[in-house]
Amino acid sequence: MIIDKEKAKHRAAGLDLFRVVAAVMVLLFHCHIHHENSFGPLTGFVSMGAVFMTAFFMLSGYVLFLTYKDKSLVLAPALKNFYLKRLFGIFPLYLVVAVLYVVTLGQESAFQNLVLLPIELLGLQTVFSTLFPVSHNDGTWFISCLLFAYLAFPLMQEIVKQMSTRTKWMALAVCTAILFWSPLVVHTFKTDSIYSNPFFRGLEFFIGVLLCSLPIRAGIAKILATWKALIVETLLLVAGISVAVRLNIFVGNYMLYDWIVIPLFACMILTLAGLKSPWLQGSAVLRYASAASYAFFLAQTFNTEIENWLFAVCGIQNNVLKIIMSVALCAVIAVVLHELVEKPCAKVLKKKL
């Protein structure tokens, strides 16, 4: 027996939780690499926290298809509105963060910033792999990848809608195989990293789209949509990454860990999409945290420099206190960005549409 997907309102809370967890895990990863914070038995797992960017792109594709699965984006008015929503949703905050970084922390000359300007404005920086460490790009690169994915989404949506279930599974297998194998090519031939490559991140996004479009058998859906399933998936994820790190298997080559994370993230998304929890559904804190998660990602662009200054001025050396301050500082910056930039832009967009 095949069942339809649950209504979006039943899925949003679980997916909100996944989005927030992904954002926090990336921050903890930054705490580890920039401040050498220890997380006890979970240090190995946190040291590979960058893999949660894969979760972010898969989730983005899943949620976007879930939102538009019953709509057509082929006609001009719908397509225009779709792109306006995407641009208003990410560009204003991105531009504010980029300008603030260039003015306060940027090391590039005025000429270099002028040369970068059209590339940054068009979101093309990830096409140039060597721009990752330049200016704010090590914190905002994912926006460039997301823009490419958004640009391609209307075509993805139409193609997926016309696929048979068998073809969807084949497409899912091909995309996954490419993501599994490509990091081996990078490792073997010492090519440029594909971590911020828009093509490979686009494949993760497309996997999310395919995952959302697939019909789920009633029996499997019932097994997945439970807290027990989520606990098992989480334990397997933590154990798989921790063991691989302890064995020193491609540590630091985050994309090679797709072998572990893509199957488990896919299961987690399906679990949280179908999980019905009154507590999650009614949590205003979770809704706000999810809404501000994009700002939370971007706030990390500034976190390290501010934290270094705070730790030095206050003489803070305690490991736990450093972690708490990092999370608190990032949350404060995210709330400010969300309230002063994202919310006003959302109001303007609502009026325009």
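Right above here is the structure, for reference.
Draft legend 1. The arrangement of the nonpolar core in detail. In this structure, Phe52 and Phe142 are the most contacted members of the largest nonpolar core, which totals 108 residues. Setting aside chain neighbours within four positions, we find Phe52 in contact with Val21, Ala22, Met25, Val26, Phe45, Leu237 and Phe265.

Draft legend 2. Examining the side chain of Glu204 more closely. Within the secondary structure, Glu204 sits in helix 8 (residues 198-213). A distance of 2.9 Å separates polar atoms of two side chains, one belonging to Glu204 and the other to Arg201. Beyond its immediate sequence surroundings of up to four residues, Glu204 is in contact with Met53, Thr54, Phe57, Met58, Leu179, Met255 and Asp258.

Draft legend 3. Main features of the packing of helix 3 (residues 52-68) against helix 6 (residues 137-161). Closest axis-to-axis distance for the helix 3/helix 6 pair is 10 Å, and the angle between their directions is 40 degrees. Comparing the axis directions of helix 3 and helix 6 gives the class oblique. Handedness of the helix 3/helix 6 crossing: right-handed. Of the residues in helix 6, those in contact with Met53, Phe56, Phe57, Ser60, Leu64, Phe65 and Tyr68 of helix 3 are Trp141, Phe142, Cys145, Leu146, Tyr150, Phe153, Gln157, Val160 and Lys161. For the contact of helix 3 with helix 6, the per-class residue count stands at 13 nonpolar, 2 polar and 1 charged.

Draft legend 4. Local environment of the layout of surface pockets. Estimated volume of the largest pocket: approximately 1100 Å³. Arg19, Val63, Arg86, Gly89 and Tyr150 are the residues nearest the centre of the largest pocket, which is lined by 32 residues in total. Within the residue set of the lining of the largest pocket, elements represented by two or more residues are helix 1 (8-35), helix 3, helix 4 (76-104), helix 6, helix 13 (284-291), helix 14 (293-314) and helix 15 (319-352). Sort the elements by how many residues they give to the lining of the largest pocket and helix 3 lands first, with 8 residues. Grouping the constituent residues of the lining of the largest pocket by class yields 19 nonpolar, 6 polar and 7 charged. Of the pockets and cavities examined, the second largest pocket occupies roughly 470 Å³. Lining of the second largest pocket is provided by 25 residues; of these, His30, His34, Asp138, Gly139 and Gln300 occupy positions nearest its centre. For the lining of the second largest pocket, the secondary-structure elements that each account for two or more residues are helix 1, helix 6 and helix 14. A per-class count over the lining of the second largest pocket returns 13 nonpolar, 9 polar and 3 charged.

Draft legend 5. Looking closely at the state of the cysteines. In total, this model carries 0 disulfides according to the counting rule given. Not engaged in a disulfide, the cysteine Cys175 finds its nearest cysteine sulfur in Cys212; these two sulfurs lie 15 Å apart. Distance from the sulfur of Cys330, which forms no disulfide, to the nearest cysteine sulfur (Cys31) is 8.5 Å.

Draft legend 6. Representation of a nonpolar patch on the surface. Judged by side-chain polarity, Leu95, Leu114, Leu117 and Leu121 come together as a nonpolar surface patch covering roughly 350 Å² of accessible area. It is helix 5 (residues 110-122) that contributes the most residues to the nonpolar patch, 3 residues altogether. Inspection of the secondary structure puts Leu95 in helix 4. Judged by relative accessible area, which is 33%, Leu95 ranks as partly exposed.

The rules behind each value
Residues numbered from 1 in each chain as written. Predicted model: local features only at pLDDT ≥ 70, side-chain atom pairs only at ≥ 80, totals over all residues. Heavy atoms only, no water. Core = buried A, V, L, I, M, F, W, Y, C linked by side-chain atoms within 4.5 Å. Buried < 20%, exposed > 50% of the residue type's maximum accessible area, 1.4 Å probe, protein only. Contact = heavy atoms within 4.5 Å. Helix = DSSP H or I, 4+ residues; strand = E, 2+ residues; numbered from the N terminus. Polar contact = N/O pair within 3.5 Å; in protein donor to acceptor, adjacent residues only side chain to side chain. Axes fitted to C-alpha atoms, helices over the stretch in contact; angles between N-to-C directions. Parallel < 35°, antiparallel > 145°, perpendicular 65-115°, else oblique. Left-handed = near helix turned anticlockwise from the far one by under 90°. Nonpolar A, V, L, I, M, F, W, Y, C, P; charged D, E, K, R; others polar. 1 Å grid on protein atoms, 1.4 Å probe; cavity = no way out; pocket = protein on both sides within 12 Å on 5 of 7 lines; lining within 4 Å. Points joined across faces, edges and corners; volume = space filled by probe spheres on them. Disulfide = S-S within 2.5 Å. Patch = residues over 30% accessible without salt bridge, like charges linked within 9 Å, V, L, I, M, F, W, Y side chains within 5 Å. Areas by Shrake-Rupley, 256 points an atom, 1.4 Å probe, with all protein chains shown as cover. Salt bridge = Lys/Arg side-chain N within 4 Å of Asp/Glu carboxyl O.

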